[in-house]
Amino acid sequence: MRIKRIWSDYEINFLKENYENKGIIYCSDILNISKSKIKFRARKLGLKMSRASRGFKTHINLQQFINISNPKVAYLLGYLWADGYITKGKVILCLAKPDADSLKPLLNNLGTWYYADSKIKRATHLMTQSCMFDKDFTNFLLNLNFKEKSLVSPKDLLRLIPKYLQHYFWRGYLDGDGCFTYSPGQIKKSKFFIQFAGSFNQDWTFLKNFCEFNQMKYSISKQSYINKKSLKLNSCSKFNINNKQNMYNFLKYVYNGNLETIGLKRKINKWLFLKKHIETTLNIGHFKKINLEEDIRPFHVAS
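Structural notes, computed from the coordinates. A quick note: this is a predicted structure, and the numbers were derived from the prediction, not measured.

Digging into helix 6 (residues 135-143)
Here comes step 1: Among all positions in helix 6, only Phe137, Thr138, Phe140 and Leu141 are buried. The arc enclosing the buried residues of helix 6, seen along the axis, measures out at 160°, which places them on a common side. Facing away from the buried side of helix 6 by more than 90 degrees, the exposed set consists of Lys135, Asp136 and Asn143.
Here comes step 2: For helix 6, the N-terminal cap is Asp134; the gap from its side-chain oxygen to the backbone nitrogen of Asp136 is 3.2 Å.

Quick word on the packing of helix 4 (residues 71-83) against helix 5 (residues 97-110)
Here comes step 1: Closest axis-to-axis distance for the helix 4/helix 5 pair is 10 Å, and the angle between their directions is 115°. In terms of axis orientation, helix 4 runs roughly perpendicular to helix 5. Along this stretch, helix 4 crosses helix 5, giving a crossing that reads as left-handed. Contacts between helix 4 and helix 5 involve Lys72, Val73, Tyr75, Leu76 and Tyr79 on the former and, on the latter, Leu103, Leu106, Leu107, Asn109 and Leu110.
Here comes step 2: Of the residues in the contact of helix 4 with helix 5, the class split is eight nonpolar, one polar and one charged.

As for a nonpolar patch on the surface
Here comes step 1: Taken together, the side chains of Ile226, Leu231 and Leu233 make up a nonpolar region of the molecular surface, amounting to roughly 360 Å² of accessible area.
Here comes step 2: Tracing the chain through its elements places Leu231 in the loop between strand 9 (218-226) and strand 10 (233-242).

Let's talk about the packing of aromatic side chains
Here comes step 1: All told, the structure shown has 24 aromatic pairs when counted by the stated rule.
Here comes step 2: Note on Trp81 and Phe146: the rings are 5.0 Å apart at their centroids and 80° apart in plane angle, and the pair reads as edge-to-face. Taken as a pair, Trp81 in helix 4 and Phe146 in the loop between helix 6 and helix 7 (155-160) lie far apart in primary sequence, 65 residues in all. Just as Trp81 is buried, Phe146 falls in that class too.
Here comes step 3: Each member of the aromatic cluster is reached from another via a ring pair, and the members are Phe169, Trp170, Tyr173, Phe196, Phe206, Phe210, Phe250 and Tyr253.
Here comes step 4: Over the aromatic face of Tyr115 sits the side chain of Lys104, whose NZ or CZ is 4.7 Å from the ring centroid.

Observations concerning the nonpolar core
Here comes step 1: Grouped together as the largest cluster of nonpolar side chains are 64 residues, with contacts concentrated most on Phe137, Phe196 and Phe250.
Here comes step 2: Broken down by element, the residue count for this core peaks at nine residues, all from helix 4.
Here comes step 3: Excluding its chain neighbours within four sequence positions, the residues that come into contact with Phe196 are Tyr173, Leu174, Asp177, Gly178, Trp204, Leu207, Ser237, Lys238, Phe239, Ile241 and Phe250.
Here comes step 4: In this structure, Trp7, Phe14, Ala42 and Tyr114 belong to the second largest nonpolar core, which totals 17 residues.

What to know about the pattern of salt bridges
Here comes step 1: Evaluation of the coordinates by the stated rule reveals six salt bridges.
Here comes step 2: Between Asp101 and Lys97 there is a salt bridge, with its nearest N and O atoms 3.6 Å apart. Here Asp101 pairs with Lys97, and both are found in helix 5, just four residues apart, close to one helical turn.
Here comes step 3: A relative accessible area of 35% places Asp101 in the partly exposed class.
Here comes step 4: On the basis of relative accessible area, Lys97 is assigned to the partly exposed category, the value being 24%.
Here comes step 5: Between Lys97 and Asp117 there is a salt bridge, and its shortest N-O distance comes to 3.3 Å. On the criterion of sequence distance, the pair formed by Lys97 in helix 5 and Asp117 in strand 5 (residues 114-118) is long-range, its members being 20 residues apart.

The rules we used
- Residues numbered from 1 in each chain as written.
- Predicted model: local features only at pLDDT ≥ 70, side-chain atom pairs only at ≥ 80, totals over all residues.
- Heavy atoms only, no water.
- Buried < 20%, exposed > 50% of the residue type's maximum accessible area, 1.4 Å probe, protein only.
- Helix = DSSP H or I, 4+ residues; strand = E, 2+ residues; numbered from the N terminus.
- Arc of directions from axis to C-beta.
- Polar contact = N/O pair within 3.5 Å; in protein donor to acceptor, adjacent residues only side chain to side chain.
- Axes fitted to C-alpha atoms, helices over the stretch in contact; angles between N-to-C directions.
- Parallel < 35°, antiparallel > 145°, perpendicular 65-115°, else oblique.
- Left-handed = near helix turned anticlockwise from the far one by under 90°.
- Contact = heavy atoms within 4.5 Å.
- Nonpolar A, V, L, I, M, F, W, Y, C, P; charged D, E, K, R; others polar.
- Patch = residues over 30% accessible without salt bridge, like charges linked within 9 Å, V, L, I, M, F, W, Y side chains within 5 Å.
- Areas by Shrake-Rupley, 256 points an atom, 1.4 Å probe, with all protein chains shown as cover.
- Salt bridge = Lys/Arg side-chain N within 4 Å of Asp/Glu carboxyl O.
- Phe/Tyr/Trp six-rings, centres within 6.5 Å; stacked < 30°, edge-to-face > 60°.
- Lys NZ or Arg CZ within 6 Å of the ring centre and 35° of its normal.
- Core = buried A, V, L, I, M, F, W, Y, C linked by side-chain atoms within 4.5 Å.

The following block contains the structure:
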């Protein structure tokens, strides 16, 4: 017996908003519904594709990723390494809508992307899926181990990025997979730390090398737990950079340079607030082994 598909209000509204100008392939890819079902439903709704939509494609200039001179490219590669994924030949970033809106000008500056909003259960914000359908770009990322990025270090990727732009890679990585926190203490001491989250078997070699090269203390923790609702086993690992001095040094390096158009506004504003607070209470240290003006590599790669 054939089961009739029930279309959600979101799916119907999405078709009404996008079918005419972006076409059947775009709607099928974003909604993950077959082209035949999209076409049938569009006909029922009285929708027709425009002539321009038949040739609507995403595109990205690959050359700017091969010979990197744009800090926005370095940032995007860091963000993709943290929070992007590749499936069915497309590159996807799925972000909370406020963060996606903050990054859209940067993404649009580097290429033509698809955007689609959706509601996820228990999520505070709408989620925005940013998609790039570019075979050459996808293959470029696959050759840099993006498919296995939870299990390998991005050393090959970092070698592509000029030394004076690598802090933008770290900014993108921090925006995608990291957080930094200041917890003011009352009875106990205040806590300052930066934390990156990853899979249980995450390869943290690149962060370990960075911290050791710059004489920063760090810790790695792993945990497994059973989700009370799904009863499934969840696991993860976390990389922590601890104490006020190390946190200040790392963030001052990461947020060097353009703060107007590169990065999540909420994290930049948080850093500016913390920077002012820390500098009034701390005898400021510095990265002794990092000097951007002299173009000294801020990331140590073992030979």
